[in-house]
Amino acid sequence: MTTMNTRVQARGSEAAIPSGIAGAFAAVGAGFLALAAWCWLRWIASDHFRPVDPGADPLPPWQHATLLLLQVGGLLAALWCLWHFTLQPRLKTGRFSTEGLICLVLPTVWFQDLMFAYSQTWMAYNAHLWNMGSWAAEIPGWMARHPEKMVEPFVTFYGYIFWMFGCMLLISRFMHALRRRQPSLSHAAVLGWALLFTLCLDAAVEEGAIRIGWYAIPGAWRAVSLFAGTPWQLPVPEFLFGAIQTLAFACVLHFRGADGRSFAEQGASGTLTRYLALAGALHLFFFLSFSLPSLWSGLHSDRWVEGMPSYFTAMCPEYPAQPDACGGPGIPASRPPQVWLPRR
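Described below are features of the structure shown in this document. Each chain carries its own residue numbering, running from 1 in the written order of its sequence. Only residues with pLDDT of at least 70 are given local features in this predicted model, and only at 80 or more are side-chain atom pairs given and counted; all residues enter the totals for whole chains, interfaces and linings. Excluded from the side-chain calculations are hydrogens and water; all other atoms, namely the structure's heavy atoms, are used.

**Focus on the state of the cysteines**
In protein structure, a disulfide is the covalent linkage between the sulfur atoms of two cysteines. The disulfide criterion is simple: two cysteine sulfur atoms within 2.5 Å. In this structure the tally under the stated criterion is 1 disulfide. Cys81 carries a free sulfur, and the closest cysteine sulfur to it, the one in Cys103, is 5.5 Å from it.

**Notes on empty space enclosed by the protein**
Of the two site types, the cavity is a set of points on a 1 Å grid over the protein atoms alone where a 1.4 Å probe fits but cannot get out, and the pocket is an open set with protein on both sides within 12 Å along at least five of seven lines, each lined by residues with an atom within 4 Å of a point. Grid points are joined across faces, edges and corners, and a volume is the space filled by probe spheres set on the points. Using the criterion set out here, one finds 3 cavities of 30 Å³ or more in the structure. In this structure, the largest cavity occupies an estimated 290 Å³ of space. In terms of lining, the largest cavity is formed by 20 residues, of which the most central are Asp113, Tyr160, Trp163, Met164 and Glu206. At the level of elements, α5 (154–181), α6 (187–212), α7 (236–254) and α8 (271–299) are the ones that each hand at least two residues to the lining of the largest cavity. Strands here are runs of E lasting at least two residues and helices are runs of H or I lasting at least four, both read from the DSSP assignment and numbered beginning at the N terminus. Per element, the largest residue contribution to the lining of the largest cavity is 6 residues, and it comes from α5. All amino acids are sorted into three groups, where Ala, Val, Leu, Ile, Met, Phe, Trp, Tyr, Cys and Pro are nonpolar, Asp, Glu, Lys and Arg are charged, and the leftover types, Gly among them, are polar. Its residues assigned to classes, the lining of the largest cavity comprises 11 nonpolar, 5 polar and 4 charged.

**Examining the packing of α7 against α8**
All axes are obtained by fitting lines to C-alpha atoms, using only the stretch in contact for helices, and the reported angles, taken between N-to-C directions, cover 0 to 180 degrees. Axis separation between α7 and α8 bottoms out at 10 Å; the angle between their running directions is 175°. As judged from the angle between their axes, α7 and α8 are roughly antiparallel. Taking contact as the criterion, the partners of Glu238, Phe241, Gly242, Ile244, Gln245, Ala248, Phe249 and Val252 in α7 are, on α8, Leu278, Ala281, Leu282, Phe285, Phe286, Ser289, Phe290, Pro293 and Ser297. Per-class residue counts for the contact of α7 with α8 are 12 nonpolar, 4 polar and 1 charged. An angle below 35 degrees is treated as roughly parallel, one above 145 as roughly antiparallel, one from 65 to 115 as roughly perpendicular, and anything else as oblique. Any two residues having at least one pair of non-hydrogen atoms within 4.5 Å are treated as being in contact.

**Considering the packing of helix α2 (residues 61–93) against α5**
With their axes 9 Å apart at the nearest point, α2 and α5 run at an angle of 60° to one another. One finds that α2 runs oblique with respect to α5. Handedness of the α2/α5 crossing: left-handed. Each of Leu70, Gln71, Gly74, Leu75, Ala77, Ala78, Cys81, Leu82 and Phe85 in α2 lies in contact with α5, whose residues at this interface are Val155, Tyr158, Ile161, Phe162, Phe165 and Leu169. Its residues assigned to classes, the contact of α2 with α5 shows 13 nonpolar, 2 polar and no charged. In a left-handed crossing the near helix is turned counterclockwise from the far helix by less than a right angle, and in a right-handed crossing that turn is clockwise.

**Regarding the nonpolar core**
We define the nonpolar core as a collection of buried residues of types Ala, Val, Leu, Ile, Met, Phe, Trp, Tyr and Cys that are connected through side-chain atoms lying within 4.5 Å of one another. We call a residue buried when its accessible area falls under 20% of the maximum for its residue type, exposed when it is over 50%, and partly exposed in between, using a 1.4 Å probe and counting protein chains only. If you look at the biggest cluster of nonpolar residues, it comprises 85 residues, and the most contacted ones within it are Ile102, Leu106, Trp135, Trp142 and Phe165. When residues of this core are assigned to their parent elements, the largest contribution, 10 residues, is made by α8. Sequence-distant contacts of Ile102, defined by excluding residues within four places in its chain, comprise Phe165, Met168, Val252, Leu253, Leu278 and Leu282. Among the nonpolar cores identified, the runner-up in size contains 12 residues, and Ile171, Met175, Leu185 and Phe255 belong to it.

Written as C-alpha coordinates, this is what we have:
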(Lines give C-alpha, C1' and ligand atoms only; values in the text may rest on other atoms or scores of the structure.)
Protein backbone atom coordinates (compact mmCIF):
# COMPACT_ATOMS: atom_id res chain seq x y z
CA MET A 1 0.00 0.00 0.00
CA THR A 2 1.28 3.43 -0.94
CA THR A 3 0.57 4.85 2.50
CA MET A 4 2.82 2.32 4.20
CA ASN A 5 5.77 3.46 2.12
CA THR A 6 5.37 7.16 2.84
CA ARG A 7 8.56 8.59 4.28
CA VAL A 8 9.74 12.04 5.21
CA GLN A 9 13.47 12.45 4.68
CA ALA A 10 15.20 14.66 7.22
CA ARG A 11 16.09 18.00 5.74
CA GLY A 12 16.56 21.50 7.03
CA SER A 13 14.88 22.04 10.37
CA GLU A 14 13.32 18.56 10.20
CA ALA A 15 16.71 16.95 10.75
CA ALA A 16 16.82 18.18 14.34
CA ILE A 17 14.33 15.69 15.82
CA PRO A 18 15.55 14.95 19.38
CA SER A 19 16.74 11.37 19.66
CA GLY A 20 15.03 11.03 23.03
CA ILE A 21 11.56 12.08 21.87
CA ALA A 22 10.34 8.50 22.16
CA GLY A 23 11.21 8.47 25.85
CA ALA A 24 9.08 11.55 26.51
CA PHE A 25 6.13 10.19 24.57
CA ALA A 26 6.57 6.78 26.23
CA ALA A 27 6.33 8.34 29.69
CA VAL A 28 3.09 10.07 28.68
CA GLY A 29 1.79 6.83 27.17
CA ALA A 30 2.58 4.83 30.30
CA GLY A 31 0.64 7.36 32.38
CA PHE A 32 -2.45 7.24 30.18
CA LEU A 33 -2.38 3.44 29.95
CA ALA A 34 -1.97 3.07 33.72
CA LEU A 35 -4.97 5.32 34.35
CA ALA A 36 -7.01 3.43 31.75
CA ALA A 37 -6.11 0.06 33.26
CA TRP A 38 -6.99 1.28 36.76
CA CYS A 39 -10.42 2.55 35.66
CA TRP A 40 -11.19 -0.49 33.48
CA LEU A 41 -10.28 -2.99 36.20
CA ARG A 42 -12.44 -1.16 38.75
CA TRP A 43 -15.27 -1.06 36.21
CA ILE A 44 -15.04 -4.81 35.52
CA ALA A 45 -15.08 -5.53 39.26
CA SER A 46 -18.00 -3.18 39.94
CA ASP A 47 -21.70 -3.97 40.21
CA HIS A 48 -22.47 -1.76 37.21
CA PHE A 49 -20.47 -3.93 34.80
CA ARG A 50 -23.66 -4.95 33.00
CA PRO A 51 -25.64 -3.94 29.90
CA VAL A 52 -27.59 -0.72 30.20
CA ASP A 53 -31.34 -1.15 29.80
CA PRO A 54 -32.35 0.38 26.43
CA GLY A 55 -35.92 0.95 27.61
CA ALA A 56 -39.20 0.12 25.95
CA ASP A 57 -38.59 1.63 22.52
CA PRO A 58 -37.58 -0.98 19.91
CA LEU A 59 -35.23 -0.31 17.05
CA PRO A 60 -36.83 0.02 13.60
CA PRO A 61 -36.10 -3.18 11.61
CA TRP A 62 -33.82 -1.41 9.11
CA GLN A 63 -31.84 0.15 11.94
CA HIS A 64 -31.54 -3.14 13.81
CA ALA A 65 -30.13 -4.81 10.68
CA THR A 66 -27.78 -1.89 9.96
CA LEU A 67 -26.38 -1.80 13.50
CA LEU A 68 -25.97 -5.58 13.56
CA LEU A 69 -24.03 -5.34 10.29
CA LEU A 70 -21.95 -2.51 11.78
CA GLN A 71 -21.06 -4.53 14.88
CA VAL A 72 -20.31 -7.82 13.12
CA GLY A 73 -18.79 -6.33 9.98
CA GLY A 74 -16.78 -3.82 11.99
CA LEU A 75 -15.36 -6.60 14.16
CA LEU A 76 -14.34 -8.60 11.10
CA ALA A 77 -12.77 -5.49 9.54
CA ALA A 78 -10.84 -4.77 12.75
CA LEU A 79 -9.58 -8.35 12.93
CA TRP A 80 -8.47 -8.13 9.29
CA CYS A 81 -6.54 -4.93 10.06
CA LEU A 82 -4.83 -6.62 12.99
CA TRP A 83 -3.85 -9.56 10.78
CA HIS A 84 -2.76 -7.51 7.76
CA PHE A 85 -0.94 -4.69 9.51
CA THR A 86 0.16 -6.26 12.80
CA LEU A 87 0.53 -10.04 12.76
CA GLN A 88 1.46 -10.67 9.12
CA PRO A 89 4.40 -8.20 9.02
CA ARG A 90 5.54 -9.48 12.43
CA LEU A 91 5.59 -13.08 11.17
CA LYS A 92 7.40 -12.11 7.97
CA THR A 93 10.05 -9.75 9.34
CA GLY A 94 10.20 -10.56 13.05
CA ARG A 95 9.40 -6.93 13.83
CA PHE A 96 6.28 -4.86 14.33
CA SER A 97 5.62 -2.16 11.76
CA THR A 98 4.48 1.30 12.81
CA GLU A 99 1.08 0.52 11.30
CA GLY A 100 0.88 -2.66 13.33
CA LEU A 101 1.69 -0.98 16.62
CA ILE A 102 -0.78 1.80 15.90
CA CYS A 103 -3.50 -0.83 15.40
CA LEU A 104 -2.66 -2.17 18.87
CA VAL A 105 -2.60 1.29 20.46
CA LEU A 106 -5.82 2.68 18.98
CA PRO A 107 -8.27 0.53 21.02
CA THR A 108 -6.76 1.96 24.22
CA VAL A 109 -7.89 5.43 23.14
CA TRP A 110 -11.41 4.11 23.82
CA PHE A 111 -10.67 5.05 27.44
CA GLN A 112 -10.90 8.75 26.56
CA ASP A 113 -14.04 8.36 24.46
CA LEU A 114 -16.17 9.01 27.56
CA MET A 115 -14.67 12.44 28.08
CA PHE A 116 -17.41 13.95 25.92
CA ALA A 117 -19.71 13.59 28.96
CA TYR A 118 -17.28 14.39 31.79
CA SER A 119 -18.85 17.73 32.65
CA GLN A 120 -22.43 17.28 31.38
CA THR A 121 -24.18 14.68 29.24
CA TRP A 122 -24.93 16.00 25.76
CA MET A 123 -24.10 12.99 23.58
CA ALA A 124 -25.49 9.46 23.92
CA TYR A 125 -24.70 6.05 22.45
CA ASN A 126 -27.46 3.65 21.45
CA ALA A 127 -28.09 1.30 24.40
CA HIS A 128 -29.23 -1.45 22.01
CA LEU A 129 -25.61 -1.86 20.92
CA TRP A 130 -23.56 -4.56 22.66
CA ASN A 131 -22.32 -2.96 25.87
CA MET A 132 -21.52 -3.53 29.52
CA GLY A 133 -22.21 0.01 30.64
CA SER A 134 -19.06 2.10 31.06
CA TRP A 135 -16.30 3.10 33.47
CA ALA A 136 -17.63 6.65 33.91
CA ALA A 137 -18.17 6.13 37.64
CA GLU A 138 -14.49 5.16 37.99
CA ILE A 139 -13.03 8.29 36.39
CA PRO A 140 -11.72 10.67 39.11
CA GLY A 141 -13.76 13.83 39.47
CA TRP A 142 -16.54 12.77 37.07
CA MET A 143 -19.21 15.52 37.11
CA ALA A 144 -22.10 14.44 34.86
CA ARG A 145 -25.06 12.80 36.54
CA HIS A 146 -25.89 9.07 36.43
CA PRO A 147 -22.39 7.81 35.47
CA GLU A 148 -23.54 4.26 36.20
CA LYS A 149 -25.96 4.53 33.26
CA MET A 150 -23.46 5.78 30.69
CA VAL A 151 -23.15 3.55 27.62
CA GLU A 152 -19.89 2.75 25.83
CA PRO A 153 -20.65 0.10 23.18
CA PHE A 154 -17.95 -2.39 22.24
CA VAL A 155 -18.27 -1.44 18.58
CA THR A 156 -16.62 1.87 19.53
CA PHE A 157 -13.72 -0.05 21.10
CA TYR A 158 -12.81 -1.86 17.90
CA GLY A 159 -14.17 1.06 15.86
CA TYR A 160 -10.93 2.82 16.71
CA ILE A 161 -9.32 0.25 14.41
CA PHE A 162 -11.74 -0.13 11.49
CA TRP A 163 -12.97 3.49 11.58
CA MET A 164 -10.12 5.58 12.96
CA PHE A 165 -7.27 3.62 11.41
CA GLY A 166 -9.15 3.51 8.11
CA CYS A 167 -9.49 7.31 8.17
CA MET A 168 -5.82 7.68 9.07
CA LEU A 169 -4.82 5.58 6.06
CA LEU A 170 -7.11 7.54 3.76
CA ILE A 171 -5.83 10.93 4.95
CA SER A 172 -2.22 9.83 4.72
CA ARG A 173 -2.81 8.58 1.21
CA PHE A 174 -4.41 11.92 0.32
CA MET A 175 -1.35 13.82 1.59
CA HIS A 176 0.97 11.49 -0.30
CA ALA A 177 -1.01 11.97 -3.55
CA LEU A 178 -1.05 15.73 -3.04
CA ARG A 179 2.71 15.80 -2.51
CA ARG A 180 3.29 13.65 -5.59
CA ARG A 181 1.15 15.93 -7.80
CA GLN A 182 2.59 19.17 -6.39
CA PRO A 183 6.09 18.55 -4.97
CA SER A 184 6.64 22.26 -4.35
CA LEU A 185 3.88 22.51 -1.75
CA SER A 186 5.06 23.40 1.73
CA HIS A 187 4.23 21.20 4.71
CA ALA A 188 1.83 23.91 5.92
CA ALA A 189 -0.02 23.87 2.60
CA VAL A 190 -0.24 20.08 2.59
CA LEU A 191 -1.61 20.10 6.14
CA GLY A 192 -4.08 22.84 5.21
CA TRP A 193 -5.49 20.84 2.32
CA ALA A 194 -5.45 17.71 4.46
CA LEU A 195 -7.46 19.49 7.16
CA LEU A 196 -10.07 20.56 4.60
CA PHE A 197 -10.25 16.98 3.32
CA THR A 198 -10.54 15.65 6.88
CA LEU A 199 -13.29 18.13 7.76
CA CYS A 200 -15.41 16.87 4.86
CA LEU A 201 -14.59 13.24 5.71
CA ASP A 202 -15.37 13.62 9.41
CA ALA A 203 -18.62 15.50 8.82
CA ALA A 204 -19.82 12.78 6.43
CA VAL A 205 -18.80 9.91 8.72
CA GLU A 206 -20.20 11.52 11.87
CA GLU A 207 -23.55 12.38 10.31
CA GLY A 208 -23.73 8.91 8.78
CA ALA A 209 -23.14 7.35 12.20
CA ILE A 210 -25.90 9.50 13.67
CA ARG A 211 -28.35 8.65 10.89
CA ILE A 212 -27.94 4.89 11.35
CA GLY A 213 -28.39 5.22 15.11
CA TRP A 214 -24.88 4.52 16.39
CA TYR A 215 -25.12 7.59 18.59
CA ALA A 216 -26.98 10.87 18.91
CA ILE A 217 -26.12 14.35 20.16
CA PRO A 218 -29.42 15.48 21.71
CA GLY A 219 -27.77 18.19 23.81
CA ALA A 220 -25.80 19.83 21.01
CA TRP A 221 -25.49 23.61 20.98
CA ARG A 222 -28.21 24.28 18.44
CA ALA A 223 -26.98 27.68 17.31
CA VAL A 224 -23.85 26.06 15.84
CA SER A 225 -25.38 22.75 14.71
CA LEU A 226 -26.44 21.28 11.40
CA PHE A 227 -30.03 19.95 11.41
CA ALA A 228 -30.55 21.78 14.71
CA GLY A 229 -33.53 20.73 16.80
CA THR A 230 -33.78 17.27 15.21
CA PRO A 231 -32.56 13.89 16.51
CA TRP A 232 -29.86 14.05 13.81
CA GLN A 233 -28.32 17.36 14.80
CA LEU A 234 -24.55 17.61 14.46
CA PRO A 235 -22.69 20.51 16.11
CA VAL A 236 -20.04 22.05 13.89
CA PRO A 237 -17.47 22.13 16.72
CA GLU A 238 -17.88 18.36 17.05
CA PHE A 239 -16.60 17.53 13.59
CA LEU A 240 -14.14 20.44 13.67
CA PHE A 241 -12.46 19.06 16.80
CA GLY A 242 -12.85 15.54 15.41
CA ALA A 243 -11.13 16.55 12.17
CA ILE A 244 -8.19 18.13 14.00
CA GLN A 245 -7.83 15.02 16.16
CA THR A 246 -8.07 12.64 13.19
CA LEU A 247 -5.55 14.67 11.19
CA ALA A 248 -3.15 14.65 14.16
CA PHE A 249 -3.44 10.86 14.27
CA ALA A 250 -2.89 10.64 10.53
CA CYS A 251 0.28 12.72 10.86
CA VAL A 252 1.70 10.15 13.30
CA LEU A 253 1.15 7.52 10.62
CA HIS A 254 2.24 9.64 7.66
CA PHE A 255 5.36 11.52 8.67
CA ARG A 256 8.28 9.12 9.01
CA GLY A 257 12.00 9.28 9.42
CA ALA A 258 14.48 7.61 7.09
CA ASP A 259 14.21 4.44 9.19
CA GLY A 260 10.49 4.16 8.45
CA ARG A 261 9.43 4.99 11.99
CA SER A 262 7.05 7.77 12.95
CA PHE A 263 8.39 10.92 14.59
CA ALA A 264 6.99 9.68 17.92
CA GLU A 265 9.25 6.59 17.81
CA GLN A 266 12.52 8.39 17.16
CA GLY A 267 15.09 7.17 19.67
CA ALA A 268 13.09 4.11 20.78
CA SER A 269 15.31 1.14 21.65
CA GLY A 270 12.72 -1.65 21.67
CA THR A 271 9.18 -2.68 20.81
CA LEU A 272 7.76 -1.79 24.22
CA THR A 273 9.20 1.71 24.08
CA ARG A 274 7.88 2.15 20.54
CA TYR A 275 4.43 1.00 21.65
CA LEU A 276 4.37 3.32 24.67
CA ALA A 277 5.67 6.21 22.57
CA LEU A 278 2.91 5.77 20.01
CA ALA A 279 0.39 5.43 22.83
CA GLY A 280 1.68 8.65 24.36
CA ALA A 281 1.44 10.55 21.07
CA LEU A 282 -2.08 9.35 20.22
CA HIS A 283 -3.47 9.76 23.73
CA LEU A 284 -1.91 13.20 24.13
CA PHE A 285 -3.18 14.41 20.75
CA PHE A 286 -6.63 13.02 21.52
CA PHE A 287 -6.70 14.68 24.92
CA LEU A 288 -5.63 18.09 23.58
CA SER A 289 -7.66 18.12 20.37
CA PHE A 290 -10.83 16.30 21.45
CA SER A 291 -11.18 15.52 25.16
CA LEU A 292 -10.53 19.06 26.40
CA PRO A 293 -12.71 20.70 23.70
CA SER A 294 -15.45 18.18 24.55
CA LEU A 295 -15.39 19.40 28.16
CA TRP A 296 -15.99 22.91 26.83
CA SER A 297 -18.79 21.65 24.56
CA GLY A 298 -20.44 19.90 27.50
CA LEU A 299 -20.45 23.11 29.51
CA HIS A 300 -22.08 24.87 26.54
CA SER A 301 -24.66 22.18 25.79
CA ASP A 302 -28.24 23.07 24.89
CA ARG A 303 -31.54 21.65 26.13
CA TRP A 304 -32.11 18.14 24.87
CA VAL A 305 -34.14 17.57 21.72
CA GLU A 306 -37.64 16.29 22.45
CA GLY A 307 -38.88 12.96 21.10
CA MET A 308 -35.66 11.00 21.61
CA PRO A 309 -36.26 7.20 21.92
CA SER A 310 -35.56 5.48 25.23
CA TYR A 311 -32.38 3.81 24.01
CA PHE A 312 -30.75 7.24 23.69
CA THR A 313 -31.92 8.53 27.08
CA ALA A 314 -30.85 5.72 29.43
CA MET A 315 -28.30 7.98 31.12
CA CYS A 316 -31.02 10.54 31.84
CA PRO A 317 -33.96 8.77 33.55
CA GLU A 318 -35.63 12.18 34.07
CA TYR A 319 -36.08 12.62 30.31
CA PRO A 320 -39.61 11.19 29.86
CA ALA A 321 -41.10 13.57 32.42
CA GLN A 322 -38.65 16.46 32.24
CA PRO A 323 -36.37 16.63 29.15
CA ASP A 324 -34.91 19.92 30.35
CA ALA A 325 -33.35 18.15 33.34
CA CYS A 326 -30.87 16.22 31.18
CA GLY A 327 -28.59 19.13 30.43
CA GLY A 328 -28.40 22.57 28.94
CA PRO A 329 -28.64 26.17 30.11
CA GLY A 330 -29.46 26.50 33.80
CA ILE A 331 -28.66 22.87 34.61
CA PRO A 332 -25.74 22.91 37.05
CA ALA A 333 -22.93 20.40 36.69
CA SER A 334 -22.87 18.11 39.71
CA ARG A 335 -19.73 17.29 41.67
CA PRO A 336 -18.67 14.10 43.42
CA PRO A 337 -18.22 14.19 47.20
CA GLN A 338 -14.48 13.58 46.77
CA VAL A 339 -12.63 15.29 43.95
CA TRP A 340 -9.81 12.79 43.41
CA LEU A 341 -11.76 9.60 43.97
CA PRO A 342 -14.51 8.16 41.76
CA ARG A 343 -17.98 8.31 43.19
CA ARG A 344 -20.11 5.28 43.88
